[in-house]
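Analysis of the macromolecular model
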Amino acid sequence: MINLQQDPEGFIRMPRHFPGSIVVSITFADGSVEQVPGWRLNQAYDEALAEYSAQNHLDAKGFSRHPKGRTNPGNKVDFVRVRPGMSG
């Protein structure tokens, strides 16, 4: 089992997808603990990635839609917002 801690801003560190069949234990900032399936966290990761891409004008593959000359760090997120009640 993977144990994660929510930071005060409401995020967990999640640099990649987890296997969908595992159970992840999240300790929230308020002290509550919840067991969340890996597939549900992967959905939250995908939503965060889509939001990041839209805010930074990236296409589906992570390439910038701006003219050349701008640098692009890649289509990647490291932190995902979580909230109690996600397992349901």
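In what follows, the structure referred to is the one given above.
So, on to the sheet that holds strand 1 (residues 2-5). With respect to topology, three strands assemble into an open sheet ordered 1-3-4, the strand pairing being mixed. Lying at the two open borders of the sheet, with one neighbouring strand each, are strand 1 and strand 4 (33-37). In this sheet, adjacent strand axes meet at a mean angle of 30° when their direction is disregarded. The pairing of strand 3 (residues 23-27) with strand 4 spans five bridges and is antiparallel. Bridging from a neighbouring strand, Val-24 pairs with Val-36 of strand 4. The sheet strands contacting helix 1 (residues 38-55) are strand 3 and strand 4, and the helix crosses strand 4 at an angle near 85°.

Ile-12, Met-14, Ile-26, Leu-41 and Val-82 are the most contacted members of the largest nonpolar core, which has 17 residues in total. For this core, the element with the highest residue contribution is helix 1, accounting for five residues. Contact partners of Val-82, with chain neighbours within four places excluded, come to Gln-6, Gly-10, Ile-12, Ile-26, Phe-28 and Leu-41.

Examined against the element boundaries, Val-80 turns out to sit in strand 5 (residues 79-81). Those residues within four positions of Val-80 in sequence are excluded, and the remaining contacts are Gly-10, Phe-11, Ile-12, Met-14, Ala-44 and Tyr-45.

Attention shifts here to the side chain of Arg-40. You can see Arg-40 is positioned in helix 1. For the buried Arg-40, which has no salt bridge, the nearest side chain bearing the opposite charge is Glu-47, at an N-O separation of 4.4 Å. Filtering out sequence-adjacent residues up to four positions away, Arg-40 remains in contact with Glu-47, Arg-83 and Met-86.

Below, the discussion takes up helix 1. With 18 residues, helix 1 should reach 26 Å at 1.5 Å per residue; the first-to-last C-alpha distance of 26 Å fits that figure. All buried positions along helix 1 are accounted for by Gly-38, Arg-40, Leu-41, Asn-42, Ala-44, Tyr-45, Ala-48, Leu-49 and Ser-53.

Each value, and the rule that gives it
- Residues numbered from 1 in each chain as written.
- Predicted model: local features only at pLDDT ≥ 70, side-chain atom pairs only at ≥ 80, totals over all residues.
- Heavy atoms only, no water.
- Pairing = 2+ DSSP bridges.
- Helix = DSSP H or I, 4+ residues; strand = E, 2+ residues; numbered from the N terminus.
- Axes fitted to C-alpha atoms, helices over the stretch in contact; angles between N-to-C directions.
- Contact = heavy atoms within 4.5 Å.
- Core = buried A, V, L, I, M, F, W, Y, C linked by side-chain atoms within 4.5 Å.
- Buried < 20%, exposed > 50% of the residue type's maximum accessible area, 1.4 Å probe, protein only.
- Lys, Arg positive; Asp, Glu negative; His and termini not counted.
- Salt bridge = Lys/Arg side-chain N within 4 Å of Asp/Glu carboxyl O.
- Expected span 1.5 Å × (residues − 1).

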